[in-house]
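What follows is each chain in one-letter form.
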Amino acid sequence: MQSVLDQTYTDWLCFVLSNGNKNTVNAPNWSFDVIKNFAAKDSRFIVWNKKTNAVDIYIPMLYHLARSFPDSYICSLDADDVYQNDFFERAVALAEKHQLDIVACGTEIVLKQNVEAAEEILLSCRAVEESLIVKKEDFAQYFRQYKPFFNEMWGKLYRADLFDDRHDETYARKNMFYRFLPDTLFTVDNLSRSKAIGILSGTSHKFYQFQQRSMSNATIMTNADAANRGSLRKWKNRGKYSVYTTYETIISFLNAHGGIDDELYEYMQAVLFGWFGDFYSRTLLLTTNEAKLAKHVECLVFNPKFDELMYFQGSGQYHNLKDHRQRKIFCEKLKYLLIGQKAVKNRRSLIMNDLECTARTRKKIDRITEKLDNTIWRLSQYDEE
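Below is a short write-up of the structure.

Criteria and cut-off values
- Residues numbered from 1 in each chain as written.
- Predicted model: local features only at pLDDT ≥ 70, side-chain atom pairs only at ≥ 80, totals over all residues.
- Heavy atoms only, no water.
- Helix = DSSP H or I, 4+ residues; strand = E, 2+ residues; numbered from the N terminus.
- Buried < 20%, exposed > 50% of the residue type's maximum accessible area, 1.4 Å probe, protein only.
- Polar contact = N/O pair within 3.5 Å; in protein donor to acceptor, adjacent residues only side chain to side chain.
- Contact = heavy atoms within 4.5 Å.
- Phe/Tyr/Trp six-rings, centres within 6.5 Å; stacked < 30°, edge-to-face > 60°.
- Salt bridge = Lys/Arg side-chain N within 4 Å of Asp/Glu carboxyl O.

## Side note on the side chain of H167
You can see H167 is positioned in the loop between β8 (156–159) and α6 (169–175). A relative accessible area of 0% means that H167 is categorised as buried. For H167, the side chain forms a polar contact with the side chain of D164, separated by 3.0 Å. In contact with H167, not counting residues within four places along its chain, are Y63, R67, L162, D189 and R193.

So this is what it looks like as structure tokens:
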């Protein structure tokens, strides 16, 4: 909120969503007091207070704001981010000069011990030396250059008229909710309607990672919910939560905006394998029911794209495709995860007793591990060659 207040561009409104913050003895979050007291400093801060945390409210609220202020720009900021004080001014100026629908900025990823710590460590930085303008007909050609800036919702300024009346909670539920990497799907969806985009030179945004932070983390909650969602959501969103559906969405976007050459295809293979690691850490490790875990892994490894990626011969341009060793290690991790989870009693009965893995699930896990064993053996042959 301080980084918004410090902006050199002053014609703004900041809507602060207090999403389930609690000021009670039993749940001493106290962050609503921080929000309330800071908002009192400036009338341009408007606070919305939601009693319980809803991880799926964010995108619909952005849609609502865009429709409420159609002749403006809109951007988002999370609780662990800040914008440099000239971000609004530079982004609006670039958008107006080149008639851009989206303006992204460079980001510094910073590590701190906790929120109050003065010392911070720069972990990584993504930036372009000169501002980049990309028109719709070149979206596929320049995808490798701008894609790293379009992985998340934040760090961007959007023209509000990108969102029309059809963009509401129903639209978000159909296209982004309960899907793998909803932020990326959100940005690609917006790209598909854009005529031109830009990236500001340098960095205008900081994203903080804390070594000590609250366990009530929205990312953890979102992925845990997706990994262990209830039966109603499971049936309504059957087959949507998959690495492959997100991948296919981006492939369709690229084919519609110039097509995919060999270099871009290899880049997307590297991206997909990176997502495999994200899927493992964000979803598989959070899945506490061995039947659901087996289902997730089964959908992953028995998709034809899995074999295509595992045996893909890269040019060596991308580190995670440099050889087959990393892919072999990934398959071994999957195998060991399943073998161990098969022995953990996690399924609960009505009387709260832990139950052993069912015979059906054990059979499925055995089938998957056999597939993984074959893949590991073949990848070992590639390494020897």
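## Considering the packing of aromatic side chains
Each pair of aromatic rings is reported with the distance of its centres and the angle of its planes. Under the definition given, this model contains 34 aromatic pairs. Consider the rings of F15 and F69, whose centres lie 5.8 Å apart with planes at 50 degrees: the pair is tilted. Here F69 lies in the loop between α3 (58–68) and β3 (73–74) and F15 lies in strand β1 (residues 14–19), a separation of 54 residues in the sequence. A relative accessible area of 35% means that F69 is categorised as partly exposed. On the numbers, 6.0 Å between centres and 20 degrees between planes, the contact of F276 with F306 is stacked. Residue F276 is found in helix α11 (residues 262–282), and its partner F306 is found in helix α13 (residues 304–310); the two are separated by 30 residues along the sequence. Taken together, F139, F143, Y146, F150, F253, Y267 and Y318 form an aromatic cluster joined through their ring pairs.

## Here's the deal with the pattern of salt bridges
Counted by the stated rule, this structure contains 16 salt bridges. For D33, the salt bridge is made with K36, and the minimal N-O distance between the two is 3.7 Å. Highlighted residues: D33 and K36, both in helix α2 (residues 31–39), separated by three residues, approximately one helical turn. For D33, a relative accessible area of 27% puts it in the partly exposed group. We note a salt bridge from E152 to R126, for which the minimum N-O separation is 2.5 Å. Here E152 is found in the loop between α5 (143–146) and β8, whereas its partner R126 is found in strand β6 (residues 120–126), with 26 residues between them in sequence. Salt bridges sharing partners connect three or more residues here, namely K295, E298, K364 and R367.

## Quick look at the environment of K147
Mapped onto the secondary structure, K147 falls in the loop between α5 and β8. For the pair formed by K147 and T184, sequence separation is 37 residues and the distance between their alpha carbons is 9.4 Å. Apart from residues no more than four positions distant in its own chain, K147 is found in contact with Y267, V271 and W275. One polar contact links K147 to N151, side chain to side chain, over a distance of 2.9 Å.

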